[in-house]
Amino acid sequence: MNVLNFVHAFFSDSAHWHGYDGIPQRLLEHVRYSALALVLAAAIGLPVGLLTGHTGRGGNALAFIATAARALPSFGLLVLIVVLMGFGLLPVMIPLVVLAVPPILVTTYEAVRTVDPSPVDAARGMGMHESRILFQVELPVALPLILSGLRSAAIQIVSTATIAAYVSLGGLGRYIVDGLYQRDYEKVVGGATLVAVLALVTLALFWVAGRVAVSPGVRRRRDPASTR
């Protein structure tokens, strides 16, 4: 039985569409875990990245922190936290947030640092406050790159949130973990397919967000092909 047959058998089984273990329920759980982790990571990474990018201080420290955080294995960190704190949602959130903060932090820093200094200097010459310069001059130009960091973090979270199933929580990882335990490879392939589809949907949502949030002038400047 090939992979396509496994996929067809999984999604055509009506039992997988109802109840506490149904696809809608598991998908909703996975989205909740992923959204919460992304919000927490953004709450940490965006302010720090914006501040350090605007001031130009702390770049080396950010690079060190990002490298160290990326070196941590998410599953290993999850096991360690569960040993120390027990089961629950918090032990799952910590490794997901640790995974997602570095791309948000570093990309936000680089996005602000690479803004053309000419309008920034002009704003300072006009007497604008530093906070207004950051949010009204630098942020609109840096937004496409900042969104790319958020997109990268979101994809990593969606792909890694399957670890929640290892500590008895729900989500799409339930199909993978339970399927491996039961040697039900139809369920394993179905769960992996759902995670992949959710990752693609996440990519599409960030593309739409970029089209809506980024001004056309900035988009044209970032995309040389659009000016041809």
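Summarised in this report is the structure supplied together with it. (Residues numbered from 1 in each chain as written. Predicted model: local features only at pLDDT ≥ 70, side-chain atom pairs only at ≥ 80, totals over all residues. Heavy atoms only, no water.)

Examining the packing of aromatic side chains
Here is step 1 of the chain: Summed over all chains, the structure comprises three aromatic pairs.
Here is step 2 of the chain: Between Phe10 and Tyr175, the aromatic rings sit 5.3 Å apart at their centres with planes inclined by 80 degrees, giving edge-to-face as the arrangement. Residue Phe10 is located in helix H1 (residues 3–12), and its partner Tyr175 is located in helix H8 (residues 173–182); the two are separated by 165 residues in the primary sequence. Each member of the pair, Phe10 together with Tyr175, is buried.
Here is step 3 of the chain: Between Phe11 and Trp17, the ring centres sit 6.3 Å apart and the planes meet at 50 degrees, which makes this aromatic pair tilted.
Here is step 4 of the chain: Among the residues examined, Trp17 registers a relative accessible area of 39% and is labelled partly exposed.
Here is step 5 of the chain: Joined through ring pairs, the aromatic side chains of Phe10, Phe11, Trp17 and Tyr175 make up one cluster. (Phe/Tyr/Trp six-rings, centres within 6.5 Å; stacked < 30°, edge-to-face > 60°. Helix = DSSP H or I, 4+ residues; strand = E, 2+ residues; numbered from the N terminus. Buried < 20%, exposed > 50% of the residue type's maximum accessible area, 1.4 Å probe, protein only.)

Points about helix H6 (residues 117–125)
Along an α-helix, a turn takes 3.6 residues, which lines up residues three or four apart on a common side.
Here is step 1 of the chain: Of the residues flanking the start of H6, the one acting as N-cap is Asp116, its side-chain oxygen 3.1 Å from the backbone nitrogen of Ser118.
Here is step 2 of the chain: One or two residues past the end of H6 sits Gly127, with phi positive at roughly 85 degrees. (Polar contact = N/O pair within 3.5 Å; in protein donor to acceptor, adjacent residues only side chain to side chain.)

Here's the deal with the environment of Glu138
Here is step 1 of the chain: In this structure, Glu138 sits in helix H7 (residues 130–160).
Here is step 2 of the chain: Taking the relative accessible area as the measure of exposure, Glu138 reaches 5% and is therefore buried.
Here is step 3 of the chain: Residues Glu138 and Ala111, spaced 27 residues apart in sequence, show a C-alpha to C-alpha distance of 8.8 Å.
Here is step 4 of the chain: Residues within four places of Glu138 in sequence aside, it is in contact with His54, Val112, Val115, Val120 and Ile133. (Contact = heavy atoms within 4.5 Å.)

Observations concerning the packing of H7 against helix H9 (residues 185–213)
Here is step 1 of the chain: Where H7 meets H9, the axes come as close as 10 Å, and the angle between the chain directions of the two elements is 165 degrees. Compared by their axis directions, H7 and H9 come out roughly antiparallel. Considering the relative orientation of H7 and H9, their crossing is right-handed. Note on element contacts: H9 touches H7 through Val195, Leu198, Ala199, Thr202, Leu203, Phe206, Ala209, Gly210 and Ala213, opposite Leu143, Leu147, Leu150, Arg151, Ala154, Ile155, Val158 and Ser159.
Here is step 2 of the chain: A breakdown of the residues in the contact of H7 with H9 according to their chemical character gives 13 nonpolar, three polar and one charged. (Axes fitted to C-alpha atoms, helices over the stretch in contact; angles between N-to-C directions. Parallel < 35°, antiparallel > 145°, perpendicular 65-115°, else oblique. Left-handed = near helix turned anticlockwise from the far one by under 90°. Nonpolar A, V, L, I, M, F, W, Y, C, P; charged D, E, K, R; others polar.)

Considering the environment of Phe11
Here is step 1 of the chain: By the element assignment, Phe11 lies in helix H1.
Here is step 2 of the chain: Since its relative accessible area comes to 25%, Phe11 is described here as partly exposed.
Here is step 3 of the chain: In this structure, the C-alpha to C-alpha distance between Phe11 and Leu51, residues 40 residues apart in sequence, is 47 Å.

Scope: geometric values only; no functional claims are made or implied.
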